[in-house]
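Here's the letter readout for the chains.
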Amino acid sequence: MEVAPAQSSFAHILFIDAVGYSKMPLDQQALVFRRLQDFVTDCRTADDAAKADELVRSPSGDGMALVFFGNCTQPLHCARELAEQIEADGSFAVRMGLHSGNVVKQLDVNGQTCASGDGVNIAQRVMDFGDGGHILMSLEYARALQEAGDPAADDCHDIGIAAAKHGRRVHLYNYHRPAVGTPDVPVKVRKDDEWVRPKQLRLGTSGRNIFIATLQLLGWLLVAPNKWRAHVNSIDPRLSPNFSIIDLTGRQIRRNPDLRELLLQACVVCPAMLALLIFTALAPFRHTLGNASSAAVAMMLGMGWLTTVVLGIGAGFVGFLVLGFQALVQSLTIGFFGPVHLVNVLALTAVCVWAFIALSAVFPERRRLPVWRDVLSAICGAFLAFLAMVIREIFAFKQSAPIQVLASAATAFVLINVVIGMRWRRWSRGFMFGQIISILAAVAWLAITRTNAAHFPVWLAVADGFTGGLMSCVYWAIAFTIAERLGDSAAAISAGLMVTVILNAAGALSFIPLGVIWITYAVIRSRTTRREQA
């Protein structure tokens, strides 16, 4: 029998794939593939092309390639028809890839006409980038569509260049309209550290006024945590909603402008806005408070920045906000009533309640544990943090300035190593970062102990506040980490807030905020239980 020679032709390819097909049971696989074949058979564009002998259907495992030898608009029109039918059916999802290139048209082993070659391979690679609902296309197809004058070209959005199999780079476009396709950048593209995105493509709140965007992020963290998680996922799907700076790679930061903007918002814009608010609000009371506003801002910066590293960026955002509120409220109450006063304790109580609610959104409960275990975990974490404070004070009590500095630096170094190692599994980075924090704490503490001034100048108040913020965060973080290991996030938050009470309250009045912390825990746990039962 004489075999017809293979013919190389230029074609426009639509590659379709059923999402999650390989993970389906065999009977469901057969059903999905049959439904997909039915949709393709009923597609008017494909039927018209087949009647004109301008279409080759080539099945491929969990999908198929539709190779059109006519007008370049046919594959996209076919993709839209199929997307609408599959969306209406709702029993499965597909992803599609379009490309224009050379294919080889020949007979397969069954004597049926099929198409293969580089054009089909690239169409499949384009499709491989997509998630369920995506209609992606190569630059070659998008250009052909534009040259043909098809109005649909206006709905093709450049999403940049990404790496496909075997190191091949593919320039991708995403087709979407209100009822067809999806505007999201595919997960696989966002995970690619070599992704070259177009300048006009921005994700999440990026591209807006950075101050308004920062306020929006704070609002999401406090009242709509799901939006915060979606925002972080849109920037890089590999990141947890509460990722740490130390968990990032240099390549991630360099190649992702949206990630850089989020870090800028967390570490610069948010604290700068709160610092300005604190100075503005406390300025009328400067004669009463002295340099307390400078110390409060420095404490917020020191504790907020360190919280962003050791507990995560979401916790850092909330930490800045809570510490800013604490600075405003407690600076005034301490300035007018003194630290050991009912008014100050009530202000501290309000701060703890707010912090518990806000941090519960950042650290959602992941495993339901008995109440007794949460309580014991929190007490254990707070006790060990308190023990670390006591040990430091014992070594520093009535000692010379160098010994006090050494005790503070050693405490910060050891505890930072433990926190970063336990929470992020980054012992080497914990060692490096622990050195940095211990040096900062030592320098600031040395400046304080070397000064005998009765009234601190501004720079010394800043050093005192910054050191206090660093050390407070160190104790807070170790209590949180230990309680998180033994219990759940609610126990960890409770442990950290118990440390806050220990550091800011004294005497019998401290039982007021401690009691309210556990009342807040009970209320949040009860609401979570009712929501799950509903």
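Keep in mind that what you see is a predicted model, and the values were worked out from it rather than measured.

Draft legend 1. Molecular detail of the overall build of the protein. Along the backbone of the protein there are 20 helices and eight strands. Against the compact-globule benchmark of 24 Å for 534 residues, the protein has a radius of gyration of 30 Å, which places it well outside the compact range. Overall, the C-alpha framework of the protein stretches about 105 × 45 × 40 Å when taken along its three principal axes. A separation threshold of at least 6 residues defines the contact pool for the protein, and within that pool the share at least 24 residues apart is 71%.

Draft legend 2. Inspection of the pairing of strand S4 (residues 94-107) at higher detail. Where S4 lies against strand S6 (residues 135-138), three bridges are found, and the strand directions are parallel. Looking at the pairing, Leu-98 lines up with Met-137 of S6. Bridge count between S4 and strand S5 (residues 113-116): four bridges; the pairing is antiparallel. In the sheet register, Leu-107 faces S5, and the bridge partner there is Thr-113.

Draft legend 3. Fine view of the packing of helix H2 (residues 44-51) against helix H3 (residues 73-89). In the contact formed by H2 and H3, the axes pass within 8 Å of each other and the chain directions differ by 140 degrees. When the interaxial angle is binned, H2 and H3 end up oblique. Facing Arg-44, Thr-45, Ala-46 and Ala-49 of H2, the residues of H3 in contact are Gln-74, His-77, Cys-78 and Glu-81. Looking at side-chain class alone, the contact of H2 with H3 contains three nonpolar, three polar and two charged residues.

Draft legend 4. A look at the packing of aromatic side chains. Evaluation of the coordinates by the stated rule reveals seven aromatic pairs. For the ring pair Trp-228 and Phe-317, a centre distance of 5.8 Å and an interplane angle of 80 degrees mean the geometry is edge-to-face. Of the two residues, Trp-228 sits in helix H8 (residues 225-235) while Phe-317 sits in helix H13 (residues 313-337), which places them 89 residues apart along the sequence. Overall, Phe-317 belongs to the buried group, its relative accessible area being 0%. Centre to centre, the rings of Trp-476 and Phe-480 are 5.9 Å apart; their planes meet at 20 degrees, and the pair counts as stacked. In this pair, Trp-476 and Phe-480 both sit in helix H18 (residues 458-486), four residues apart, roughly one turn of the helix. This pair shows no difference in class: Trp-476 is buried, exactly as Phe-480 is. Linked through ring pairs, Phe-363, Trp-476 and Phe-480 together constitute an aromatic cluster. Lying across the ring of Phe-129, Lys-188 places its NZ or CZ 5.3 Å from the centre. The side chain of Arg-423 reaches across the aromatic face of Trp-424, ending 5.1 Å from its centre.

Draft legend 5. The side chain of Thr-308, seen in detail. Along the chain, Thr-308 turns up in helix H12 (residues 292-310). At 2.9 Å, the side chain of Thr-308 and the backbone oxygen of Gly-304 are in polar contact.

Draft legend 6. Region of the structure containing the environment of Phe-320. The topology assignment puts Phe-320 in helix H13. For the pair Phe-320 and Gly-117, spaced 203 residues apart in sequence, the C-alpha to C-alpha distance is 57 Å.

Draft legend 7. Local environment of the pattern of salt bridges. Tallying each qualifying case throughout the model produces 16 salt bridges. For the salt bridge of Asp-118 with Arg-168, the shortest nitrogen-to-oxygen distance reads 3.3 Å. Of this pair, Asp-118 sits in helix H4 (residues 118-128) while Arg-168 sits in the loop between strand S7 (156-163) and strand S8 (169-175), placing them 50 residues apart in sequence. According to the relative accessible area criterion, Asp-118 is partly exposed, its value standing at 41%. Accessibility expressed as a relative area gives 33% for Arg-168, which makes it partly exposed.

Draft legend 8. Representation of the side chain of Ser-100 in the model. Mapped onto the elements, Ser-100 comes out in strand S4. When its relative accessible area of 5% is taken as the criterion, Ser-100 is described as buried. A polar side-chain atom of Ser-100 sits 2.7 Å from a polar atom in the side chain of His-12. With sequence-adjacent residues up to four places away left out, Ser-100 is seen in contact with Phe-10, Ala-11, His-12, Ser-138, Glu-140, Tyr-141 and Ala-144.

What counts, and where the lines are drawn
- Residues numbered from 1 in each chain as written.
- Predicted model: local features only at pLDDT ≥ 70, side-chain atom pairs only at ≥ 80, totals over all residues.
- Heavy atoms only, no water.
- Helix = DSSP H or I, 4+ residues; strand = E, 2+ residues; numbered from the N terminus.
- Rg over C-alpha atoms; globule rule 2.2 N^0.38 Å.
- Contact = heavy atoms within 4.5 Å.
- Pairing = 2+ DSSP bridges.
- Axes fitted to C-alpha atoms, helices over the stretch in contact; angles between N-to-C directions.
- Parallel < 35°, antiparallel > 145°, perpendicular 65-115°, else oblique.
- Nonpolar A, V, L, I, M, F, W, Y, C, P; charged D, E, K, R; others polar.
- Phe/Tyr/Trp six-rings, centres within 6.5 Å; stacked < 30°, edge-to-face > 60°.
- Buried < 20%, exposed > 50% of the residue type's maximum accessible area, 1.4 Å probe, protein only.
- Lys NZ or Arg CZ within 6 Å of the ring centre and 35° of its normal.
- Polar contact = N/O pair within 3.5 Å; in protein donor to acceptor, adjacent residues only side chain to side chain.
- Salt bridge = Lys/Arg side-chain N within 4 Å of Asp/Glu carboxyl O.

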